[in-house]
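# Summary of the model geometry
Residues per chain are reported as follows:
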Amino acid sequence: MPQADKKQTTCPKGLVSLGSNATSTARESAKIIHDAVDFIAQSNLRITKISEFYKTPCFPPGAGPDFVNAAIEVQTDLLPHDLLQFLHETEVRFGRERPSRWAPRTLDMDLIACGDVVLPDRALLQHWMDMPLEDQKKLAPEQLILPHPRVQDRAFVLIPLADIAPDWRHPIIGKTVRELVAALPDAEKKGVQPYVAS
């Protein structure tokens, strides 16, 4: 049964999405992600899986340059909130600024899931999952929501996740990453292409 007690639930198997687009070339963005993964590996997190790198259209369209995206699986004794704090601190270390929602960024890391943990509760997660895109552009949750409320909608997250956790099952939707990828529109999947270093 999904867990919702944030005081007792650690994140022994976390899924993290990484992206970068605030650089002049995709090669530079790929290097930032590579360096961030190296930095995380030297911390108190153990990286157990790393996806391929992908070149993906910026989301939302027109908000900036295309992204390079990847995903990692980490093992840690940290609580989900502490893991998210570590990810935010790492973003800052790599030059992340937050002038506006969905602004271009040197490094963007999202905590996608901690096993089948649901935070803060099922009702609030469902509220954010059901939120229309126009409202998403204006609003951001003030607390950690797990799983990430938009994971099921985003090819740039799901396709890298399918490399490392195809059988992870969304605790609310009930579908695996593999099934969520299959349900995406073909046009969105075609936009996520393997990154080829130039």
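Note that the structure is a prediction, hence the values are computed from the model and not measured. Residue numbers here run from 1 along each chain, matching the order of that chain's written sequence. Local features in a predicted model are, by the rule used here, given only for residues with pLDDT of at least 70; side-chain atom pairs are given and counted only at 80 or more, and totals for whole chains, interfaces and linings are based on all residues. Only hydrogens and water are removed before side-chain values are computed, so all heavy atoms of the structure are retained for them.

## Some thoughts on the packing of aromatic side chains
Here is the rule: Pairs were defined over the aromatic rings of Phe, Tyr and Trp, the Trp ring being its six-membered one, requiring ring centres within 6.5 Å. Orientation was assigned from the angle between planes: stacked under 30 degrees, edge-to-face over 60, tilted for the rest. Secondary structure elements follow DSSP: runs of H or I no shorter than four residues count as helices, runs of E no shorter than two count as strands, and numbering proceeds from the N terminus. The classification of residues rests on relative accessible area computed with a 1.4 Å probe and restricted to protein chains. Under 20% of the type maximum is buried, over 50% is exposed, and intermediate values are partly exposed.
Taken as a whole and assessed by the stated rule, the structure comprises two aromatic pairs. For the ring pair phenylalanine 39 and phenylalanine 94, a centre distance of 6.2 Å and an interplane angle of 75° mean the geometry is edge-to-face. On the criterion of sequence distance, the pair formed by phenylalanine 39 in helix α1 (residues 26–41) and phenylalanine 94 in the loop between α2 (80–93) and β5 (108–114) is long-range, its members being 55 residues apart. According to the relative accessible area criterion, phenylalanine 39 is partly exposed, its value standing at 23%. Every member of this aromatic cluster is reached through a ring pair, and the members are Phe39, Phe86 and Phe94.

## Brief notes about the pattern of salt bridges
Cut-off, in case you're wondering: Salt bridges are defined by distance alone: a side-chain nitrogen of Lys or Arg within 4 Å of a carboxyl oxygen of Asp or Glu.
Tallying each qualifying case throughout the model produces five salt bridges. Of the charged contacts, one joins aspartate 35 and lysine 31 as a salt bridge, the two residues approaching to 2.7 Å between their closest N and O atoms. Here the residue aspartate 35 and the residue lysine 31 both occupy positions in helix α1, the gap between them amounting to four residues, near one helical turn. A salt bridge links aspartate 153 to arginine 150, with the nearest nitrogen and oxygen atoms 3.0 Å apart.

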